[in-house]
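Read off the chains here:
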Amino acid sequence: MQSNTSNLSGCISSQSDCSDWDASMLKSMSAPSHSEGFLNAMEVEIAGGAAGEDRVQAVCSEENGWLFCAIYDGFNGRDAADFLAGTLYENIRLYLNTLNSKMMTSNIMMPDDFCPDGPLPYLIEDHSFHENMSLEASSINDMGVAMVQKEEGSSDVFKNCVISCLEQALAQAESDFLYMVEQEMDDRPDLVSIGSCVLVVLIHGQDLYSLNLGDSRAILAKTKGINAENLEAIQLTDCHSVDNEAERMRLLSDHPDDPKIISHGKVKGKLKLTRAFGVGYLKKKKLNDALMGILQVPNLLSPPYISTQPSLNIHRISKDDQFVLVASDGLFDFFSNEEVVKIVRSFIITSPSSNPAKFLVEQLMSRAAKRAGLSLDELMDIPAGMRREYHDDVTVIVILLGTGHQTSTASTHQ
């Protein structure tokens, strides 16, 4: 990142009224620094509010030059997203630590500031917000092909090893989760259908790593041409759903003997996502057999049908990059990539010290109310469980980049 001063503020809230956010519950954590540089004075703020099936993590270490943000968009229940929130970050930390040891043993040159043993030690993951906490914006309740951009230079080995660590950490979490499901499915057969999307953004120095599984998005806002006011919205992640032609073709190719691989616009008639964490009944016959009646997937001919192979990407941050928006799919039910970039950019210019992700969520609420033919107050008066009819869970994180910003903000809305 270009700025010597960067702040990270997070926000999650539920379908409860935005006015319910309790400022007295605001928490702030700063990573201590012994030198000027990347992520100096970064803060993570948490405000009150109830969350649905989305979970969020924001971790920063200025001293070691890392920023970690993740969104876990759960569906059919909270268990998979909760499991990810409790394990994936730790898995990544352990794999990076192993990477450090291996590369030192092999005498491979490491970046000067690489220190995985404390890369992101300030984990903002208070499980209490699942019921009554949220990162400063708000939350709306309700519900591979590895792409690595290789760059020439001595750091290529390191970058690709980091990508490998992210992938291995996710695979480990998936294996552990499905093992847990198998152990408990006799008492809780619903566990076999519970899953989550995964979106991780990891920034180290000038490199932005992303991992995604599902249909959440990371969007880069980049200056277009010589006019700094013109921004281009660049989607850094793939969409893993049947709406993606490439994903549909992959499914058909992987299951040539299954004539009903896509039924009623869903994989085996059950799920629009083509890649996801969990959902064991679409991956293992044993787990599908735990379900009864119409809940069970008929003709499970060639599982797994849902892939756990994430899309992976490395982006080199440049002086033209303004901010990165990380969000679950509910945001894009109401806004295009270009619209969210335009809204965030305008808000940053007019209110540089305020939270752009919180503002974006407020705009979404207004648009959801208008689409439903309701006033905002009328929408907010609808009980959270019933409001799912009008909007999905939404989690938003905005990370500001570049020399022109005094703050870097991340916030979440569910």
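Nothing here was measured: the structure is a model prediction, and the numbers come from that model.

Asker: Describe the overall build of the chain, with residues and values.
Answerer: Regarding its fold elements, the chain presents 9 helices and 16 strands. The buried share of the chain, taken over its 414 residues, is 55%. When the accessible surface of the chain is split by element, carbon and sulfur atoms take 50% of a total near 17000 Å².

Asker: Go over the nonpolar core with me, naming the residues and quoting the values.
Answerer: Judged by nonpolar contacts, the single largest core of 58 residues is most densely connected at Phe-68, Tyr-72, Leu-88, Val-198 and Phe-277. Of all the secondary structure elements, the ones that give two or more residues to this core are strand 4 (66-75), helix 1 (79-105), helix 3 (156-184), strand 7 (195-204), strand 8 (207-213) and strand 14 (311-316). By residue number, the principal contributor to this core is helix 3, which donates 12 residues. One finds Ile-348, Ala-357, Ala-369 and Met-380 within the second-largest nonpolar core, a separate group that totals 29 residues.

Asker: Outline the packing of aromatic side chains, supporting the account with residue identities and numerical values.
Answerer: In the structure shown here, the tally under the stated rule is 5 aromatic pairs. Ring centres of Phe-68 and Tyr-89 lie 5.2 Å apart, and the angle between their planes is 70°; on these two criteria the pair is classed as edge-to-face. Highlighted residues: Phe-68 in strand 4 and Tyr-89 in helix 1, separated in sequence by 21 residues. Taken together, a centroid distance of 5.2 Å and an interplanar angle of 40° make the contact between Phe-177 and Phe-277 tilted.

Asker: Give me the lowdown on the environment of Leu-300, citing residues and values where you can.
Answerer: Relative to the assigned elements, Leu-300 resides in the loop between helix 5 (285-288) and strand 14. The spatial distance from the C-alpha of Leu-300 to the C-alpha of Asp-289 is 9.9 Å, given a sequence separation of 11 residues.

Asker: Explain the pattern of salt bridges to me, and be specific about the residues and the numbers.
Answerer: Inspection of the entire model under this criterion finds 20 salt bridges. Across the salt bridge formed by Arg-55 and Asp-82, the nearest N and O atoms sit 2.6 Å from each other. Here the residue Arg-55 occupies a position in strand 3 (residues 54-61), and Asp-82 occupies one in helix 1, the gap between them amounting to 27 residues. Asp-82 gets classed as partly exposed once you look at its relative accessible area, which sits at 25%. One connected set of salt bridges, linked through shared partners, spans Glu-247, Arg-250, Asp-254 and Arg-275.

Asker: So what's going on with the state of the cysteines? Residues and values would help.
Answerer: What the rule picks out here adds up to 0 disulfides. With no disulfide partner, Cys-161 has as its closest neighbouring cysteine sulfur the one in Cys-165, 6.8 Å distant.

Asker: With reference to specific residues and values, describe the pairing of strand 8.
Answerer: As a general feature of sheets, a regular strand has side chains that alternate between the two faces. For strand 8, the tally of buried residues reaches 7 of 7 residues, placing the bulk of the element in the interior. Side chains Asp-207, Tyr-209, Leu-211 and Leu-213 project from strand 8 onto one buried face, and the interleaved Leu-208, Ser-210 and Asn-212 project onto a second face that is buried too. Here strand 7 pairs with strand 8 via 7 bridges, running antiparallel. The partner of Val-201 across the bridge, within strand 8, is Ser-210. In this structure, the hairpin formed by strand 7 and strand 8 is closed by a connection of 2 residues, where Gly-205 is found at a positive phi of approximately 60°. Relative to strand 14, strand 8 runs antiparallel, the two sharing 6 bridges.

Asker: How would you summarise the sheet that holds strand 9 (residues 217-223) if you had to cite specific residues and measurements?
Answerer: Here 4 strands make up an open sheet; going across it, the order is 10-9-15-16 and the pairing antiparallel. Where the open sheet ends on each side, the last strands, each with one partner, are strand 10 (231-235) and strand 16 (396-400). Neighbour to neighbour, the strand axes of the sheet diverge by 20° on average, direction disregarded. For strand 15 (residues 321-327) and strand 16, the ladder comprises 5 bridges, and the chain directions are antiparallel. By the bridge assignment for strand 16, Val-324 is matched with Ile-399. Each of strand 9, strand 10, strand 15 and strand 16 is contacted by helix 6 (residues 337-350), which is oriented at about 120° to strand 15, the strand it contacts most. The strands touched by helix 7 (residues 356-371) are strand 15 and strand 16; relative to strand 16, the strand with the most contacts, the crossing angle is about 140°.

Here is what the cut-offs are and how they apply
Residues numbered from 1 in each chain as written. Predicted model: local features only at pLDDT ≥ 70, side-chain atom pairs only at ≥ 80, totals over all residues. Heavy atoms only, no water. Helix = DSSP H or I, 4+ residues; strand = E, 2+ residues; numbered from the N terminus. Buried < 20%, exposed > 50% of the residue type's maximum accessible area, 1.4 Å probe, protein only. Areas by Shrake-Rupley, 256 points an atom, 1.4 Å probe, with all protein chains shown as cover. Core = buried A, V, L, I, M, F, W, Y, C linked by side-chain atoms within 4.5 Å. Phe/Tyr/Trp six-rings, centres within 6.5 Å; stacked < 30°, edge-to-face > 60°. Salt bridge = Lys/Arg side-chain N within 4 Å of Asp/Glu carboxyl O. Disulfide = S-S within 2.5 Å. Pairing = 2+ DSSP bridges. Axes fitted to C-alpha atoms, helices over the stretch in contact; angles between N-to-C directions. Contact = heavy atoms within 4.5 Å.

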